[in-house]
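Survey of secondary and tertiary structure
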Amino acid sequence: MPTSTLSHAAALLSLLDAQPLPSFVADREGHYRYVNRAWQKLFRLEDSYALGHAWLDRVVPEELATVLTAWLDALKHGIHFECRCRINISESKSRSILI
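What you see is a predicted model; the values in this text were computed from it and never measured. (Residues numbered from 1 in each chain as written. Predicted model: local features only at pLDDT ≥ 70, side-chain atom pairs only at ≥ 80, totals over all residues. Heavy atoms only, no water.)

A word on the state of the cysteines
For the structure shown, the criterion picks out zero disulfides. A disulfide-free cysteine, Cys 83 has its sulfur positioned 5.0 Å from the sulfur of Cys 85, the nearest such atom. Residue class for Cys 83 comes out buried when judged on its relative accessible area of 10%. (Disulfide = S-S within 2.5 Å. Buried < 20%, exposed > 50% of the residue type's maximum accessible area, 1.4 Å probe, protein only.)

Pasting the structure below:
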């Protein structure tokens, strides 16, 4: 990858990290390759554990199949993914979010 492309990518990630909205970058297979600090705080996942498919571990079990089906369908067809679901924020609390 050319140096200018790398510097543009680094600048983009720096901007994403500074914004207050949870943001992620995923590859074509749906693996999260980057999550910003706001995303890590919302999902209560840090650093490298937040990558890949770890976010699905936070979706409440009774909604996981629906969320996963919608996510995989969006990836397969290259369409926008948007889903309201609940995520576990502690052992006894969940929170509704829009992804």
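That covers the picture; the talk isn't over yet.
So, the pattern of salt bridges
The full count for this structure, using the stated rule, is four salt bridges. Its salt-bridge partner being Asp 17, residue Arg 37 comes within 2.7 Å of it at the nearest N-O pair. Here the residue Arg 37 occupies a position in helix α2 (residues 37-43), and Asp 17 occupies one in helix α1 (residues 3-18), the gap between them amounting to 20 residues. The class of Arg 37 is exposed, set by a relative accessible area of 54%. A relative accessible area of 22% places Asp 17 in the partly exposed class. In this structure, Glu 63 engages Arg 86 in a salt bridge whose closest nitrogen and oxygen atoms are separated by 2.7 Å. Here Glu 63 is found in helix α3 (residues 61-77), whereas its partner Arg 86 is found in strand β3 (residues 84-88), with 23 residues between them in sequence. Using a relative accessible area of 28% as the deciding quantity, one classes Arg 86 as partly exposed. Put simply, Glu 62, Glu 63 and Arg 86 are held in one network by salt bridges that share partners. (Salt bridge = Lys/Arg side-chain N within 4 Å of Asp/Glu carboxyl O. Helix = DSSP H or I, 4+ residues; strand = E, 2+ residues; numbered from the N terminus.)

Focus on the confidence of the model for the chain
With 94% of its residues at a pLDDT of 70 or more, the chain shows a mean pLDDT of 89. Averaged pLDDT values for the elements of the chain fall to 79 in α1 and rise to 96 in β3. (pLDDT = per-residue confidence, 0-100.)

Quick word on the environment of Val 35
As for its position among the elements, Val 35 is in strand β2 (residues 32-35). The sequence separation of Val 35 and Lys 93 amounts to 58 residues, and the corresponding C-alpha distance is 23 Å. Among residues more than four places away in sequence, those in contact with Val 35 are Ser 23, Phe 24, Gln 40, Ala 50 and Leu 51. (Contact = heavy atoms within 4.5 Å.)

Some words on the packing of aromatic side chains
Aromatic ring pairs are reported here in terms of the distance separating the ring centres and the angle at which the planes meet. The tally for this structure, following the rule as stated, stands at nine aromatic pairs. Both rings, one in Phe 24 and one in Trp 71, keep their centres 6.2 Å apart while their planes meet at 70°; by these two values the pair is edge-to-face. With Phe 24 in strand β1 (residues 24-26) and Trp 71 in helix α3, this residue pair connects regions lying 47 residues apart in the sequence. Exposure remark for Trp 71: the relative accessible area of 5% places this residue in the buried category. Three or more aromatic residues link up through ring pairs in this structure, and these residues are Phe 24, Tyr 32, Trp 39, Phe 43, Trp 55, Trp 71 and Phe 81. (Phe/Tyr/Trp six-rings, centres within 6.5 Å; stacked < 30°, edge-to-face > 60°.)

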